[in-house]
Amino acid sequence: MTVAPVVLADAATSAAILDVEERRRRALLEVDLDTLRDLYDDSLIHTHAPGLTHTKAQLLEHIATRAPYRGATRGELTIRVIGGVAIMTGRLINRLGSPDGSERTVAGQVIQVLRQCEDGAWRFVSFQMTPDGEHVWAPTAEEKAGLDRIAQEEQQ
């Protein structure tokens, strides 16, 4: 059995996946369910920051009935590939509507998994957002460098 290595995505793959991510972001803001239906694999599992987990059908219903997304800003994204699977990680800041009409911001790190389908299209199979939280340990040198990089990105 040949095992595919984990590699950083090449330029063409990165561009294709970043395009899919931008289409997803726009479709969420515009409540474009047809585009989302195409971008999400039927096997999608989407876990929101507070832990609520949706299937594809549940997520589409959530978006259609609540239209919660008002803005989304991405930080630097890392895309790794294992055969026909891509794992994208990076920062996300969502502006979301609330049931009372107010707006809130949820920021954190996101892991998104996509697969390249038979038609050549990349589709999302998994999404997990871990919101920013309390850090009880002082950051290591490597963690501090990463936190500094995030702070710089957010100031831009």
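Looking at an unreviewed UniProt entry, the protein carries the name Nuclear transport factor 2 family protein, with the source organism given as Streptomyces castrisilvae.

### Some thoughts on the overall build of the protein
Within the protein, the secondary structure is distributed over four helices and seven strands. In the protein, the succession of helices and strands from N to C terminus is β-α-α-β-β-α-β-β-β-β-α. Here the C-alpha radius of gyration of the protein, 16 Å, is about what a compact globule of 156 residues would show, namely 15 Å. In terms of overall dimensions, the protein has a C-alpha envelope of 45 × 45 × 25 Å along the principal axes. Sorting the 156 residues of the protein into buried and exposed places 37% on the buried side.

### Focus: the environment of Leu60
Note that Leu60 resides in helix α3 (residues 56-66). Of the residues examined, Leu60 reaches a relative accessible area of 8% and is grouped as buried. Separated by 29 residues in sequence, Leu60 and Val31 have C-alpha atoms that sit 9.2 Å apart. Aside from chain neighbours lying at most four places away, what touches Leu60 is Leu33, Leu36, Arg37 and Tyr40.

### Notes on the UniProt feature "domain: DUF4440" (unreviewed entry) in the protein
Look at the UniProt record and you will see "domain: DUF4440" (unreviewed entry) annotated at residues 17-123. For the annotated span residues 17-123, helix accounts for 30% and strand for 50% of the residues, and the straight-line distance between the end C-alpha atoms is 9 Å.

### Thoughts on the sheet that holds strand β5 (residues 85-97)
Pairing within the open sheet is mixed, and its seven strands lie in the order β1-β4-β5-β6-β7-β2-β3. Two strands in the sheet have a free side with no partner beyond their single neighbour: β1 (7-8) and β3 (53-55). Most of the contacts of helix α1 (residues 11-30) go to strand β4 (residues 69-82), to which it runs at about 160 degrees, and overall it touches β2 (40-47), β4, β5, β6 (103-116) and β7 (122-131).

### A closer look at the pattern of salt bridges
One side chain can pair with another of opposite charge once the charged atoms of both are near each other. Scanning all chains against the criterion turns up 15 salt bridges. Of the charged contacts, one joins Asp132 and Arg91 as a salt bridge, the two residues approaching to 2.6 Å between their closest N and O atoms. Linking Asp132 in the loop between β7 and α4 (141-155) with Arg91 in strand β5, this pair joins segments that are 41 residues apart in sequence. Residue Asp132 is classed as partly exposed on the basis of its relative accessible area of 46%. Classification of Arg91 as buried rests on a relative accessible area of 9%. Between Arg123 and Asp119 there is a salt bridge whose closest N-O contact spans 2.9 Å.

### What about the environment of His62?
Position of His62 relative to the elements: it lies in helix α3. Setting aside its immediate chain neighbours within four residues, His62 contacts His48, His54, Ala67 and Pro68.

Calculation rules
- Residues numbered from 1 in each chain as written.
- Predicted model: local features only at pLDDT ≥ 70, side-chain atom pairs only at ≥ 80, totals over all residues.
- Heavy atoms only, no water.
- Helix = DSSP H or I, 4+ residues; strand = E, 2+ residues; numbered from the N terminus.
- Rg over C-alpha atoms; globule rule 2.2 N^0.38 Å.
- Buried < 20%, exposed > 50% of the residue type's maximum accessible area, 1.4 Å probe, protein only.
- Contact = heavy atoms within 4.5 Å.
- UniProt positions renumbered as here; feature names shortened; annotations may be inferred.
- Pairing = 2+ DSSP bridges.
- Axes fitted to C-alpha atoms, helices over the stretch in contact; angles between N-to-C directions.
- Salt bridge = Lys/Arg side-chain N within 4 Å of Asp/Glu carboxyl O.

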